[in-house]
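# An overview of the molecular structure
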Amino acid sequence: MVLLDGQALAKLKEKELCSAVQRLSLVPCLVVILVGQDPASVLYTNMKVKACKRVGIACHLQSFESAISQDRLLQAIKAYNDDPQVHGILVQLPLPTHMDTREVIESIDPHKDVDGFHPLNIGRVYSNSASKGFLPATPMGVMELLEHYQIPIKGQDVAIIGASNIIGKPLASLMLNAGATISLCHILTKNISFYTQNADIVCVGVGKPKLIQAPMIKQGAVVVDIGINKDEQGNIVGDVDFDGVQEKVSYITPVPRGVGPMTISCLLQNTLLAAKRVETSSKD
């Protein structure tokens, strides 16, 4: 069994990003918008700010009270859309319940949507033309991990558990584009084991600890655990029963230090790409 060490790969990527940022004629700038003080969201935004600092990307954290109106938030996003010094914008999810998340995400300029959630960028993933947009950071991180460890995707059977717009659906498209046969399971799937037991690669991200047990995995499978949860003792765990499946799998991501660091790494890569495009267009 080999661990898919996302933390180690993210560190390698950061070294490459540092060099790439230094070669630019401008300083990439990312705006992170945080609405409210949800503890997990505060933790994630602080991690993104620190990662930007490590690679030389200017990061502005814009915090709003949870009671802010949606119109006020949209005004702030428009101002950042119109600011030529800002290359990337992301809104930390989830948003307060009084806001329409879809409308907020769609208000971000697609050319600055470094989270890759805007419908235009999602559409480019589905149409296999993502090179003109931005890949969603978590699915992008999963694909980079598999590529780094030289795990083949073409011709493989892949089961994806969780059909969210942020992870499951775009990951399914990327896998399909790479030549895999996809099973996309969700809360209404009658028998998840039917799909996981026959999969060469299993990816799961639903937020349910130990959802995937050893009998659900075939011998030698690759398991990518995208889930982040806390168990009864307060430990960070994934959606896979790691102890139970580790003797059966060929590769598996640890939680933490697996997909999470790669998500942030890919966000930084997208921000650099956005800045590069601005630099290139200014020279034309």
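Rules behind the numbers
Here the residue numbers are simple positions, counted from 1 along each chain's written sequence. Whole-chain, interface and lining totals are the exception, using all residues; otherwise, since this is a predicted model, local features are given only for residues with pLDDT of at least 70 and side-chain atom pairs are given and counted only at 80 or more. To obtain the side-chain values, all non-hydrogen atoms of the structure were included, while hydrogens and water were left out. For the purposes of this entry, the term helix denotes a DSSP run of H or I that reaches at least four residues, the term strand denotes a run of E that reaches at least two, and both are numbered from the N terminus. Every radius of gyration here is taken over C-alpha atoms, with the globule rule written as 2.2 Å times N^0.38, N being the number of residues. It only takes one pair of heavy atoms within 4.5 Å for two residues to be counted as in contact. Only the protein chains shown count as cover for residues, and all accessible areas are computed by the Shrake-Rupley method using a 1.4 Å probe. His is not counted, nor are the chain ends, whereas Lys and Arg count as positive and Asp and Glu as negative. By convention, the point assigned to a charge is CZ for Arg, NZ for Lys, CD for Glu and CG for Asp. UniProt positions are given in the numbering used here, feature names are shortened, and annotations may be inferred rather than shown by experiment. Each residue is assigned to one of three classes by its accessible area relative to the maximum for its type, calculated with a 1.4 Å probe on protein chains only: buried under 20%, partly exposed between the two thresholds, exposed over 50%. Nonpolar cores are built from buried Ala, Val, Leu, Ile, Met, Phe, Trp, Tyr and Cys residues. Side-chain atoms within 4.5 Å join them into one set. The split into domains, and so the bounds of each, comes from an automatic or database assignment of domains. Only the contacting stretch of a helix is used when fitting its axis, a line to C-alpha atoms as for every element, and angles between N-to-C directions run 0 to 180 degrees. Roughly parallel covers angles under 35 degrees, roughly antiparallel covers those over 145, roughly perpendicular covers 65 to 115, and oblique covers all other angles. Note on residue classes: Ala, Val, Leu, Ile, Met, Phe, Trp, Tyr, Cys and Pro are nonpolar, Asp, Glu, Lys and Arg are charged, and everything else, Gly too, is polar. Residues enter a patch when their relative accessible area is above 30% and they make no salt bridge; the linking distance is 9 Å between like charges and 5 Å between nonpolar side chains (Val, Leu, Ile, Met, Phe, Trp, Tyr). Salt bridge criterion: a side-chain nitrogen from Lys or Arg within 4 Å of a carboxyl oxygen from Asp or Glu. Only when DSSP finds a minimum of two bridges between them are two strands counted as paired. Whether a crossover is right-handed comes down to one check: with the strands pointing away from the viewer, does the path from the first strand over the helix to the second run clockwise; if it does, it is right-handed.

Within the chain, the regular secondary structure consists of 10 helices and 11 strands. The C-alpha atoms of the chain give a radius of gyration of 19 Å, which matches the 19 Å a tight globule of 284 residues would have. Sequence-distant contacts, at least 24 apart, represent 71% of the contacts inside the chain between residues at least 6 apart. Counting only carbon and sulfur atoms, one obtains 53% of the accessible surface of the chain, whose full area is about 13,700 Å². Between the centroid of the 26 positive side chains of the chain and the centroid of its 27 negative side chains there is a distance of 4 Å.

Residues annotated by UniProt as "domain: Tetrahydrofolate dehydrogenase/cyclohydrolase catalytic" (unreviewed entry) correspond here to residues 4–115. In residues 4–115, helix accounts for 48% and strand for 16%; the two terminal C-alpha atoms are 23 Å from one another.

We now examine the UniProt feature "binding site: NADP(+)" (unreviewed entry) in the chain. The residues that UniProt annotates with the feature "binding site: NADP(+)" (unreviewed entry) are Gly162, Ala163, Ser164, Ile187 and Ile228. Structurally, Gly162 is set in the loop between strand E5 (157–161) and helix H7 (168–177). If you trace the backbone, Ala163 turns up in the loop between E5 and H7. Classification of Ala163 as partly exposed rests on a relative accessible area of 26%. If near-sequence neighbours (up to four positions away) are discounted, Ala163 is found in contact with Gly168, Lys169, Leu184, Cys185 and His186.

Before going further, it helps to spend a moment on the environment of Gly260. Relative to the helices and strands, Gly260 is located in helix H10 (residues 259–283). Along the sequence, Gly260 and Gln75 sit 185 residues apart, while their C-alpha atoms lie 31 Å from each other.

Right, let's get into the nonpolar core. Val142, Leu146, Leu171, Met175, Cys203, Val224 and Ile226 are the most contacted members of the largest nonpolar core, which has 26 residues in total. Elements supplying a minimum of two residues to this core: helix H1 (6–23), helix H6 (137–148), E5, H7, strand E7 (201–204), strand E8 (222–225) and H10. Not counting residues up to four positions away in its chain, the partners in contact with Leu171 are Pro139, Val142, Met143, Ile160, Cys203 and Ile226. Counting 20 residues, the second largest nonpolar core, distinct from the first, contains Val35, Ile77, Tyr80 and Val104.

Turning our eyes to something else, we now look at the domain arrangement of the chain. Here the chain is partitioned into domain 1 (28–109) and domain 2 (137–260). The C-alpha-based centres of domain 1 and domain 2 are spaced at 28 Å.

On to the packing of H1 against helix H2 (residues 39–55). Two elements in contact, H1 and H2, have axes separated by 8 Å at closest approach and are oriented at 60°. When the axes of H1 and H2 are compared, the pair comes out oblique. On H2, the residues that touch Glu14, Leu17, Cys18 and Val21 of H1 are Ala51, Arg54 and Val55. When grouped by side-chain class, the residues that make up the contact of H1 with H2 number five nonpolar, no polar and two charged.

On the surface, Leu43, Tyr44, Met47, Ile228 and Ile236 cluster together into a nonpolar patch covering about 420 Å² of accessible area. Per-element tally for the nonpolar patch: the top contributor is H2, with three residues. Tracing the sequence through the fold places Met47 in helix H2. Relative accessible area serves as the criterion here: at 37%, Met47 is assigned to the partly exposed category.

Sheet analysis places strand E2 (residues 29–35) next to strand E3 (residues 58–64), joined by seven bridges and oriented parallel. Within the sheet, the bridge partner assigned to Leu30 lies in E3 and is Cys59. In this view, the connection linking E2 to its parallel neighbour E3 by way of H2 has right-handed handedness.

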